[in-house]
Amino acid sequence: MQTTRALVPEDLQNSHHERRSWHRAITASALATLQRSDPADILRAAWPRDDQAALILRAAQSPTSTEDFPAFDKTGLFQSLSPSSAAVALFERGLKLDLRGVNTISIPNIATWEPQPIFVTEGGAGPNVQWGLGSTTVGPTRKILIMAATTAELENATPEAASAIIGRLLADASNKSIDTVAFGTAAADDAQPAGLLHGVAPLAAVAAGPDAMAEDLGGLIGAIGTSGIDSFGAVFVCSPREATVIKTKVGPKFDHPVLSTLGLPAKTVACFALPAVASGYQDAPQIETSRTATVHFEDDSPVDIVGSGGAVALPTKTAFQTDLISIRVRARAAWAVTPGGAQVINNVNW
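Residues numbered from 1 in each chain as written. Predicted model: local features only at pLDDT ≥ 70, side-chain atom pairs only at ≥ 80, totals over all residues. Heavy atoms only, no water.

A.B. asks: Can you tell me about the sheet that holds strand β12 (residues 342-345), naming the residues and giving the values?
C.D. replies: On the basis of which strands lie adjacent, the open sheet formed by four strands has the order β6-β5-β7-β12 and mixed pairing. Of all strands in the sheet, those with a lone pairing partner are β6 (258-260) and β12, marking the two edges. Neighbour-to-neighbour, the strand axes of this sheet turn through a mean angle of 20°, independent of strand direction. Relative to β12, strand β7 (residues 269-272) runs antiparallel, the two sharing four bridges. In the strand pairing of β12, cysteine 271 is matched with glutamine 343. Strands in contact with helix α5 (residues 86-93) are β5 (235-238), β6 and β7; relative to β6, the strand with the most contacts, it is inclined by about 150°. (Pairing = 2+ DSSP bridges. Helix = DSSP H or I, 4+ residues; strand = E, 2+ residues; numbered from the N terminus. Axes fitted to C-alpha atoms, helices over the stretch in contact; angles between N-to-C directions. Contact = heavy atoms within 4.5 Å.)

Written as C-alpha cells, this is what we have:
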C-alpha cells in the first residue's frame, strides 16, 4: 500500500532550491555561449555557493568514468522545468524507477485473485493463496526535447534576472506539452510512450443533478477498486475548471489529491491509482545552447528545416541573424500504468 502526504514548508523550500539551481545552470550555459567562456566560471562568479547547479553542469558533460558521475535527482529536472505539470506531480507520487542502463522493466500485477479465508481452526490447514499474474512494461525510454529561445540582450541582464527569464521560457514550453502526451490516449510509437489513458474505456457521466459530481468521482474510484487495485490516495486529474469545482465543493475530509492540467480537455476528469502508475528516467539530462542554430518556431508540429522536395519549414529563424540564443534541454523518460489503474469520464454534467 502506498500513501501520499501533503507538501510541508521544508518540501516547498527544497523544490524551490532545486528549480533555482536548474535555472542558474541553464543561464550559465547561455551566458557562456554569448561570452565564449566556460559555464562553470560564470556560475562560480555569479553563484559561488550553488553546489547543486555545479553538479548539474558537470552532469551535462561526458564523464570519463561512471564512478565519477555526480548523483542528483532526475525527477527534479522535470519538477524544475515544469513546475505546473500535473503529470510530473503524479509521477512524483507514484512508483519511481531508475532506468539507467535498462531497456525495459516489467512490473508484476495481480490479474485475478479471489478473496481467500484468513481464519482457520486450531490445527487446521492454512489456505495456499493463488492468483493470476500480469505485468506492466515500463520502457524503453523516449527522448524529451524542450527548446526555447531568448534574445542576446540576456547578456546585459543581471544573472538573477536572466535565470528568471530562462526559467519562465522553459516552463511555458514544457508544462502543457508533457501533460498533453502523458494524459493522452495515443499508443506508444518510436517518438513517445503511450498515453496513460491509452486503451481506457471512458465511464458514462452521471446526469446533471446536485450529486452528479460526487457520483462521477465515486464511479471513478469504484472502477479502480473493481479492477482489484488499491484506490487509497488515488489522484484526480482534470482541467482547471473541473479542478476548481471539485476543490470548492468537497469537504475537508476528502483525502484524494486533485491536480489541474491543460493537458485534458474541459469536462474531462481522470483518476489514477498510485500503486498502478510507474515512471522512470535514464541517464543525465543535457543542456545545450547555440547562437548559430536555425530553428523552426513551431510548438505543435515541428518538422525538418528543409523537408522532402526542398520545402522549407515556416516560420524559420536563424539565431545569428536575429541575435537569439537557442536553449535546448534533452532527457529520456518513460511511464506506464497498470490496466484498470486509470479511469476517465468525458463530458461531465457539472
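A.B. asks: Let's hear about the pattern of salt bridges: which residues, and what values?
C.D. replies: When the charged atoms of two side chains lie near each other, side chains of opposite charge can form a pair. Counted according to the given criterion, the structure contains eight salt bridges. In this structure, the salt-bridge partner of lysine 96 is glutamate 92, at a minimum N-O distance of 3.2 Å. With a closest N to O distance of 2.9 Å, glutamate 288 and arginine 328 form a salt bridge. Here arginine 328 lies in strand β11 (residues 324-337) and glutamate 288 lies in strand β8 (residues 277-290), a separation of 40 residues in the sequence. The network of salt bridges with common partners includes Arg24, Asp50 and Glu160. (Salt bridge = Lys/Arg side-chain N within 4 Å of Asp/Glu carboxyl O.)

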